[in-house]
Amino acid sequence: MTGVNDWCQRLVWMTGVNDWCQRLVWMTGVNDWCQRLVWMTAVWGLVVAQFCAMWGMSTAMLLLPSFFASVLHLPIERNGMLSAVPLLCVWVTGMVCNVLADHLQSRRYLSTRNTRKAFHTAGSLMLAVLPLVASYSERWPVVAVVLMTTGLAGAGVCAVCFRINSLDIAPAYAGILLGLTCTVGALSGCLAPALLGVLINRDPTVGGWRAFFFISAALYLGGIAVYGMWGKGEEMEWARVPSEEDEDDNNHNDTKTVTTPFLLEK
């Protein structure tokens, strides 16, 4: 084993792969960019907000038909239609809340940061409280469906925050941030059904669903706290790209600094 390790080290040294990788990282600036990313609290606040909101979307798309069938005992012909209604409500609330957010910002009733936080808090509270209350309303299917539909529509309210906040804090890198947040948010589509499966296997009654909604409520409240502390609405210093005028001014200042001693000598 030791001989193989020495042979690998010699191979890396002879081929110069290690030096080549270090030069590549230095030339591309990946190392500095990753180090800055760790300390970008506004980015991580947005990541948490997206993950929590997508947890609600995953519940609406993947788990809601099972809830209607196993807890409310709805027939299959009604289950399909009622399971689609929350998704329609998410789309409607997302459109309406985005227009309302633009109105609040344009009239200067709220700053961009407070607008994002207000809608994220409202949507997360809807996702945390109403589905949990619906799990205790299994004797009244109509009430449970209305509560569940209204609660999951909170994901559309949260969209005012996580869908656009990357353009607020880093317009030049919005595509990168959107890819990062969507990737992390997509993990909720794997974790939410897995968690529910574990809970349902332990308690196949409505108690398993209630445990899932309690954990989801704790997740949403944690997301409110994290985004409330770290969420931003203004462009970050690290994301600012110097304009052509700034570069011309810098070049002019550099030239002036170099030529001044020669002028003084004359």
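Bear in mind the structure is a predicted one, so any value in this text is a computation, not a measurement.

A. Representation of the environment of Val92. Within the secondary structure, Val92 sits in helix H5 (residues 76–106). A C-alpha to C-alpha distance of 9.5 Å links Val92 and Val157, two positions 65 residues apart in sequence.

B. Main features of the packing of aromatic side chains. A complete count under the given rule lists 7 aromatic pairs for this structure. An aromatic cluster of at least three residues, connected via ring pairs, comprises Phe51, Trp55, Phe67, Phe68, Trp209, Phe212 and Phe213.

C. Highlighting helix H10 (residues 174–186). Relative to the 18 Å expected for 13 residues at 1.5 Å per residue, H10 spans 18 Å between its end C-alpha atoms, a close match to the ideal helical length. Buried-residue contacts for H10 involve helix H4 (41–70), helix H9 (165–169) and helix H11 (188–202).

D. Representation of the side chain of Gln50 in the model. Along the chain, Gln50 falls in helix H4. If we skip the residues at most four places from it in the chain, Gln50 touches Phe162, Arg163, Thr181, Cys182 and Gly185.

E. How the structure looks around H11. With 15 residues, H11 extends 21 Å from end C-alpha to end C-alpha; this agrees with the ideal 21 Å at 1.5 Å per step. Those residues of H11 that sit buried are Ser188, Ala192, Leu196 and Leu199. All buried residues of H11 project into a common sector of 65° when viewed along the axis, lining one side. Exposed residues pointing more than 90 degrees away from the buried face of H11 are listed as Cys190 and Asn201. Here the buried face of H11 lies against H4, H10 and helix H12 (206–230).

F. Just the packing of H5 against helix H8 (residues 154–162), in detail. It is at 7 Å that the axes of H5 and H8 come closest, and there the two elements cross at 35°. As for the relative orientation of H5 and H8, their crossing is right-handed in sense. Taking contact as the criterion, the partners of Val90, Thr93, Gly94, Cys97, Asn98 and Ala101 in H5 are, on H8, Ala155, Gly156, Val157 and Val160. Broken down by class, the residue content of the contact of H5 with H8 amounts to 6 nonpolar, 4 polar and no charged.

G. Representation of unusual backbone geometry in the model. One non-glycine residue with positive phi stands out, namely His73, at about 60°. By the element assignment, His73 lies in the loop between H4 and H5. On the accessibility criterion, His73 (62% relative accessible area) is exposed.

H. View of the environment of Lys117. Relative to the helices and strands, Lys117 is located in helix H6 (residues 112–135). Sequence-distant contacts of Lys117, defined by excluding residues within four places in its chain, comprise Tyr227, Gly228 and Gly231. Among the polar contacts listed, one links the side chain of Lys117 to the backbone oxygen of Gly228, at a separation of 2.9 Å.

I. Examining the packing of H4 against H12 more closely. Put simply, H4 and H12 touch, their axes get as near as 9 Å, and they point 160° apart. One way to sum up the angle between H4 and H12 is to call them roughly antiparallel. Between H4 and H12 lies a crossing of left-handed hand.

J. Focus on a nonpolar patch on the surface. A contiguous nonpolar surface patch, about 530 Å² in accessible area, is contributed by Leu88, Trp91, Val92, Met95 and Val96. Within the element layout of this structure, Leu88 appears in helix H5. By relative accessible area, Leu88 is classed as exposed at 51%.

K. Structural detail: the pattern of salt bridges. Per the counting criterion, the structure on display carries 3 salt bridges. Glu234 is paired through a salt bridge with Arg113; the nearest N and O atoms lie 2.3 Å apart. Separated by 121 residues along the polypeptide, Glu234 in the loop between H12 and helix H13 (244–265) and Arg113 in helix H6 bring together distant segments of the chain.

Calculation rules
- Residues numbered from 1 in each chain as written.
- Predicted model: local features only at pLDDT ≥ 70, side-chain atom pairs only at ≥ 80, totals over all residues.
- Heavy atoms only, no water.
- Helix = DSSP H or I, 4+ residues; strand = E, 2+ residues; numbered from the N terminus.
- Phe/Tyr/Trp six-rings, centres within 6.5 Å; stacked < 30°, edge-to-face > 60°.
- Expected span 1.5 Å × (residues − 1).
- Contact = heavy atoms within 4.5 Å.
- Buried < 20%, exposed > 50% of the residue type's maximum accessible area, 1.4 Å probe, protein only.
- Arc of directions from axis to C-beta.
- Axes fitted to C-alpha atoms, helices over the stretch in contact; angles between N-to-C directions.
- Left-handed = near helix turned anticlockwise from the far one by under 90°.
- Nonpolar A, V, L, I, M, F, W, Y, C, P; charged D, E, K, R; others polar.
- Polar contact = N/O pair within 3.5 Å; in protein donor to acceptor, adjacent residues only side chain to side chain.
- Parallel < 35°, antiparallel > 145°, perpendicular 65-115°, else oblique.
- Patch = residues over 30% accessible without salt bridge, like charges linked within 9 Å, V, L, I, M, F, W, Y side chains within 5 Å.
- Areas by Shrake-Rupley, 256 points an atom, 1.4 Å probe, with all protein chains shown as cover.
- Salt bridge = Lys/Arg side-chain N within 4 Å of Asp/Glu carboxyl O.

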